[in-house]
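Residues per chain, in single letters:
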Amino acid sequence: MDFQDYQGVWVFIEEKDGAVASVSLELLGAGRKLADKRGVELAGVIIGEHIKHLSKTIFEYGADIAYVYDDPIFKNYRTESYMKALLDCSAKHKPEIILYGATSTGKDLASAVATDLPTGLTADTTELDVEEATGLLLASRPAFGGNIMATILCKKYRPQMATVRAKVMKALPPEPGREGRIVEESILLREEDIRTKVLEIVKETTKKVRIDEADIIVAGGKGLGSAEGFQLVHQLAETLGGAVGASRDVVEAGWIEHAHQIGQTGVTVTPKIYIALGISGAIQHIVGMKNSGLIIAINNDPEAPIFESCHYGIVGDAFEIVPMLIEQLSEVMS
Ligand code: FAD
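Residues numbered from 1 in each chain as written. Predicted model: local features only at pLDDT ≥ 70, side-chain atom pairs only at ≥ 80, totals over all residues. Heavy atoms only, no water.

**Q** Mind showing me how you'd approach the nonpolar core here?
**A** The nonpolar side chains of soluble globular proteins are, as a tendency, buried together. Judged by nonpolar contacts, the single largest core of 30 residues is most densely connected at Leu 28, Ile 46, Ile 58, Leu 99 and Leu 128. If you tally residues by element for this core, the top one is helix 1 (residues 22-38), at six residues. Counting residues in each nonpolar core, the second largest holds 27 residues, with Trp 10, Ile 73, Leu 86 and Ala 112 among its members. (Core = buried A, V, L, I, M, F, W, Y, C linked by side-chain atoms within 4.5 Å. Buried < 20%, exposed > 50% of the residue type's maximum accessible area, 1.4 Å probe, protein only. Helix = DSSP H or I, 4+ residues; strand = E, 2+ residues; numbered from the N terminus.)

**Q** Help me understand the packing of helix 3 (residues 79-93) against helix 4 (residues 104-116) in this model?
**A** Here helix 3 crosses helix 4 at 55°, and the two axes come no closer than 9 Å. In terms of orientation, helix 3 lies oblique with respect to helix 4. Considering the relative orientation of helix 3 and helix 4, their crossing is right-handed. Where helix 3 approaches helix 4, its residues Thr 79, Tyr 82, Met 83, Leu 86 and Leu 87 are matched on the opposing element by Asp 108, Leu 109, Ala 112, Val 113 and Asp 116. Residues that form the contact of helix 3 with helix 4 fall into these classes: seven nonpolar, one polar and two charged. (Axes fitted to C-alpha atoms, helices over the stretch in contact; angles between N-to-C directions. Parallel < 35°, antiparallel > 145°, perpendicular 65-115°, else oblique. Left-handed = near helix turned anticlockwise from the far one by under 90°. Contact = heavy atoms within 4.5 Å. Nonpolar A, V, L, I, M, F, W, Y, C, P; charged D, E, K, R; others polar.)

**Q** Just checking my understanding: could you explain helix 1 for this structure?
**A** Look at helix 1: 24 Å from first C-alpha to last across 17 residues, which is about the 24 Å you get at 1.5 Å a residue. Counting buried positions along helix 1 gives twelve out of 17 residues, so the element sits mostly inside the fold. Of the positions making up helix 1, those classed as buried are Val 23, Ser 24, Leu 25, Glu 26, Leu 27, Leu 28, Gly 29, Ala 30, Gly 31, Arg 32, Leu 34 and Ala 35. Of the residues flanking the end of helix 1, it is Gly 39, one or two places downstream, whose phi is positive at about 70°. (Expected span 1.5 Å × (residues − 1).)

**Q** I'm lost on the site of the ligand in this one. Help?
**A** Residues in close proximity to the ligand total 26 residues, the closest being Lys 222, Ser 247, Thr 265, Ser 280 and Asn 299. Within the side chain of Asp 249, one N or O atom sits 3.3 Å away from an oxygen atom of the ligand. For the ligand, whose unbound accessible area comes to 1,000 Å², protein coverage reaches 76%. At the level of elements, helix 6 (248-252), helix 7 (283-286), strand 16 (294-299) and helix 8 (318-333) are the ones that each hand at least two residues to the shell around the ligand. Of the residues belonging to the shell around the ligand, the class tally is six nonpolar, 15 polar and five charged. (Near = heavy atom within 4 Å. Polar contact = N/O pair within 3.5 Å; in protein donor to acceptor, adjacent residues only side chain to side chain. Areas by Shrake-Rupley, 256 points an atom, 1.4 Å probe, with all protein chains shown as cover.)

**Q** What should I look at first to understand the sheet that holds strand 9 (residues 137-143) in this one?
**A** For sheets, the rule is that strands pair by backbone hydrogen bonds, running either parallel or antiparallel. A sheet is described by the order of its strands in space; here three strands give the open sequence 8-9-10, paired in antiparallel fashion. Only two strands of the sheet have a single neighbouring strand rather than two, namely strand 8 (127-130) and strand 10 (148-152). Neighbour-to-neighbour, the strand axes of the sheet open up by a mean angle of 30°, direction not taken into account. Sheet strands touched by helix 1: strand 8 and strand 9. Its angle to strand 8, the strand with the most contacts, is close to 15°. (Pairing = 2+ DSSP bridges.)

**Q** Is there a simple way to think about the confidence of the model for the chain in this case?
**A** Predicted coordinates in regions of low pLDDT should not be interpreted in detail. Here the chain averages 94 in pLDDT, and 97% of its residues register 70 or above. Across the whole predicted complex the pTM is 0.71, and at the interface the ipTM reaches 0.99. (pLDDT = per-residue confidence, 0-100.)

**Q** What is the right way to look at the packing of aromatic side chains in this model?
**A** What describes a pair of aromatic rings is the distance from one ring centre to the other and the angle between the planes of the rings. Tallying each qualifying case throughout the model produces seven aromatic pairs. Centre to centre, the rings of Tyr 69 and Phe 74 are 6.3 Å apart; their planes meet at 90°, and the pair counts as edge-to-face. For the pair formed by Tyr 69 and Phe 74, the shared burial category is buried. Ring geometry for Phe 230 versus Trp 255: centroids 6.2 Å apart, planes at 50°, classification tilted. Here Phe 230 is found in the loop between strand 13 (216-220) and helix 5 (231-240), whereas its partner Trp 255 is found in the loop between helix 6 and strand 15 (273-277), with 25 residues between them in sequence. The class of Trp 255 is buried, set by a relative accessible area of 16%. Through pairs of rings, three or more aromatic residues link up here, namely Phe 12, Tyr 69, Phe 74, Tyr 77, Tyr 82 and Tyr 100. Looking at Lys 94, its charged tip hangs above the ring of Tyr 6, at a distance of 5.9 Å from the centre. The ring of Phe 3 carries the charged tip of Arg 158 above its face, separated from the ring centre by 3.9 Å. (Phe/Tyr/Trp six-rings, centres within 6.5 Å; stacked < 30°, edge-to-face > 60°. Lys NZ or Arg CZ within 6 Å of the ring centre and 35° of its normal.)

This is the structure in structure tokens:
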């Protein structure tokens, strides 16, 4: 493998409701910095149906090139079809680095591509840089229970690949009118060659606020005692118009689904306000919420580690404090 043949930084672009997903915009911001350091171009790979218009957005957010696979076969995300498109693009244009959002689609696609190429993949990266002397991608992420940061290098294969969690990197301010080059790509794929069939798409009907987009999150821990006790979290979140988060122990107890888990093995969140009820503050939880704007903790143990990571701490029983809080807030907010 001649590394000289591999050039350029790529971002796999995800689409959401007809627009570029925010995680992809954030990755374009991170990718732009890497590309500038390497003195190369930044490209976005857009796969889907009727998605060419997304090129305009990615140029405004820093991309120089858009590789576009626009075909009805890509209407819905399927591992095989998207993987084949990305492998085709990679074989033709040989990128040095590919970044994906650590979303369910990004994680699925990146691992499939990594296996087929084959190359390395650093999952859930929180920092990205390139080593000046070698040009190697430095992909860092918390390791050993969040106690150290590990910087992972892919020395023997190309492209170097990483998934990055949403809200960790910053999108650049858009530059309206910034232009780039659209490269229309195609690949011969027949429906019968793809084993997965999308029979129906059932949209989530819940009106609840999504945890990764919420400005206010109320999160609950094992200290709430039971699934019934955990309803307190839902009540406060509803009063504030916020989303519900949870510690891993709560998810393991089956009080709420994994999608609500915050932390190292859950979601990373950066709301404006984060309220923790009955959460001890284990490092694996803290890494997922420490960048929140204002952190408020309610815990009956004055020695609980969460008090070292919060802006305001209330020592007391959540079952006494929260109902009073809800009552007062309901009056103010009604
Ligand atoms: P506990 O640690 O049991 O804390 C309960 C707290 O509630 C205590 O501080 C107690 O004082 C307080 N309390 C009790 N009663 C009340 C009351 N009436 N009012 C107010 N406070 C009360 N954890 C995560 O959260 N997210 C992760 O992504 C994650 N990933 C992990 C990955 C690995 C590899 C490992 C090893 C662990 C991971 N964990 C994760 C688990 C983590 O280490 C902790 O075990 C977990 O966060 C503890 O959850 P908790 O705070 O709800 O429970």
